[in-house]
Amino acid sequence: MRLSPKARMNRMFTHGGCLDVALDHGVCNEPGFLKGLEDMERVVDTLIAAKPDAIQMAYGQADLLQSRPEKDKPALVMRIDMGNPYNDQRHRVMWSALQNHDEPIVGALEMDAACVVVNLFMLPDEPDLFHQCVKNISRVRAACHTYGMPLMIEPLVMLPNDVRGGYQVDGDAEKIITLVRLASEMGADIIKADPTSNPEDFHRVVETARVPVLVRGGGKEDLKTVLKKSAALMAQGARGMVYGRNIYQHDNPKAVVNALMAMIHHGASGDEAWDIYNRG
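Read on for a plain summary of the structure. Everything quoted here is computed from the prediction, not taken from an experiment.

### Brief notes about unusual backbone geometry
Although it is not a glycine, N29 sits at a positive phi angle of roughly 55 degrees. Position of N29 among the secondary structure elements: in the loop between β1 (18–22) and α2 (40–50). Accessibility expressed as a relative area gives 63% for N29, which makes it exposed. Not every positive phi belongs to a glycine, and D125 is a case in point at roughly 60 degrees. When its relative accessible area of 68% is taken as the criterion, D125 is described as exposed.

Set out below in structure tokens:
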């Protein structure tokens, strides 16, 4: 008998939406991603006080959240894979691997995670990397099915490395929709999707997914711009966001969380969210 993932998902989707703050950047092995994450204990303390719906971490840091006694602390979303596609320079061999190949979700079960997340990379001229991701997801999906663990798939369509230096998001709606459809076909319970270049196309991503879609934040931008884009994507049917650097690299992460939570759970507009941020 299959255990239902619903109970765990309810920890994340409080009142129907979810703000998942990503702190799993250390698995990317890219120095620039660690700015603001040097003192993980301090960062986690700050975010627990800010009260987002979830915090996304890898196994080695998850104890900083799960050892805390608060009953109302954020849910744990656990990153269970790693790879080298985020590095600034293209590697001769591109790879993505599960952190525990034999028992891929055992760490998440040990840490009582509400969800696990795995990448689905689509990079130009890297079919083997794509194949590795498909194999990873297939293995994880089987384990999730057994233990009632929700699976978040992160389909990432990236531009060639030589376009902007380092692999960057390709916002082409057709490419994103196609890869999101594959994630849905592979059994995703949640999909973490890149925003389309035109936010008004994002409803097509949501319709394709047939499961809750959380918007991926990507690199840090001007916060007022981030809030405006986020409001537009929420209006297209997104159920929330997975944002990292746009929260933890700000001087006042709690104020950013307050603004985004108001947008996700109370329908605040971009301008209203900006005012909430400025009130701290």
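Still to come is the rest of the account.
### A closer look at the pairing of strand β6 (residues 115–122)
Burial analysis of β6 places 7 of its 8 residues in the buried class, which makes it a mostly covered element. The pairing of strand β3 (residues 75–79) with β6 spans 3 bridges and is classified as parallel. Each residue of the ladder has a partner; that of R79, found in β6, is V117. Of the pairings in the sheet, the one linking β6 to strand β7 (residues 151–157) comprises 7 bridges and is parallel in character. Within β7, the residue paired with N119 across the bridge is E154.

### Some thoughts on the pairing of strand β2 (residues 54–58)
The element β2 is largely enclosed, with a buried count of 5 among its 5 residues. Residues A54, Q56 and A58 point to one face of β2 and I55 and M57 to the other, with burial holding for every one of them. Both β1 and β2 contribute to a ladder of 3 bridges, which runs parallel. The residue of β2 that forms the bridge with V21 is I55. In this sheet, β3 lies alongside β2 in parallel orientation, the contact comprising 5 bridges.

### A short note on the sheet that holds strand β10 (residues 240–243)
Read once around its circumference, the closed barrel built from 8 strands follows the order β1-β2-β3-β6-β7-β8-β9-β10, with strand pairing classed as parallel. For this sheet, the mean inter-axis angle between neighbouring strands, taken without regard to orientation, is 25 degrees. Bridge count between strand β8 (residues 190–193) and strand β9 (residues 213–216): 3 bridges; the pairing is parallel. Bridged to A193 within β9 is V215. In the packing of helix α7 (residues 173–185) onto the sheet, the strands contacted are β6, β7 and β8, and the crossing angle to β7 comes to about 155 degrees.

### With respect to the pattern of salt bridges
For the structure shown, the criterion picks out 17 salt bridges. Between E70 and R68 there is a salt bridge, and its shortest N-O distance comes to 2.6 Å. Each of D24, R79, D81, E154, K192, D194 and R216 takes part in salt bridges that share partners, so that together they form one network.

### What to know about empty space enclosed by the protein
Counted under the stated rule, the structure contains 1 cavity of 30 Å³ or more. Roughly 250 Å³ of internal volume is contained in the largest cavity. What lines the largest cavity is a set of 22 residues, and nearest its centre among them are D24, H25, Y86, E154 and K192. Listed by contribution, the elements that provide at least two residues to the lining of the largest cavity are β4 (81–83), β6 and β10. Per-element tally for the lining of the largest cavity: the top contributor is β4, with 3 residues. Residues that form the lining of the largest cavity fall into these classes: 9 nonpolar, 6 polar and 7 charged.

### What about the nonpolar core?
Counting 85 residues, the largest nonpolar core has L19, L23, V116, V140, F202 and I247 as the members making the most contacts within it. The leading source of residues in this core is helix α11 (residues 253–266), at 9 residues. Setting aside residues no more than four positions away along its own chain, F202 makes contact with A193, D194, P195, T196, V213, V215, L233, Q236 and A238.

### A few points about the side chain of Q236
With respect to the helices, strands and loops of the structure, Q236 is situated in the loop between α9 (223–235) and β10. A polar side-chain atom of Q236 sits 3.3 Å from the main-chain amide nitrogen of H203. Beyond its immediate sequence surroundings of up to four residues, Q236 is in contact with P199, E200, F202, H203 and V206.

### A look at the packing of α2 against helix α3 (residues 59–66)
Interaxial distance between α2 and α3 falls to 9 Å at its minimum, and their mutual angle equals 45 degrees. Comparing the axis directions of α2 and α3 gives the class oblique. Regarding α2 and α3, the two cross each other, and that crossing is right-handed. Mapping the contact onto sequence places M40, E41, V44 and I48 in α2 and Q61, L64 and L65 in α3.

Conventions adopted
Residues numbered from 1 in each chain as written. Predicted model: local features only at pLDDT ≥ 70, side-chain atom pairs only at ≥ 80, totals over all residues. Heavy atoms only, no water. Helix = DSSP H or I, 4+ residues; strand = E, 2+ residues; numbered from the N terminus. Buried < 20%, exposed > 50% of the residue type's maximum accessible area, 1.4 Å probe, protein only. Pairing = 2+ DSSP bridges. Axes fitted to C-alpha atoms, helices over the stretch in contact; angles between N-to-C directions. Contact = heavy atoms within 4.5 Å. Salt bridge = Lys/Arg side-chain N within 4 Å of Asp/Glu carboxyl O. 1 Å grid on protein atoms, 1.4 Å probe; cavity = no way out; pocket = protein on both sides within 12 Å on 5 of 7 lines; lining within 4 Å. Points joined across faces, edges and corners; volume = space filled by probe spheres on them. Nonpolar A, V, L, I, M, F, W, Y, C, P; charged D, E, K, R; others polar. Core = buried A, V, L, I, M, F, W, Y, C linked by side-chain atoms within 4.5 Å. Polar contact = N/O pair within 3.5 Å; in protein donor to acceptor, adjacent residues only side chain to side chain. Parallel < 35°, antiparallel > 145°, perpendicular 65-115°, else oblique. Left-handed = near helix turned anticlockwise from the far one by under 90°.

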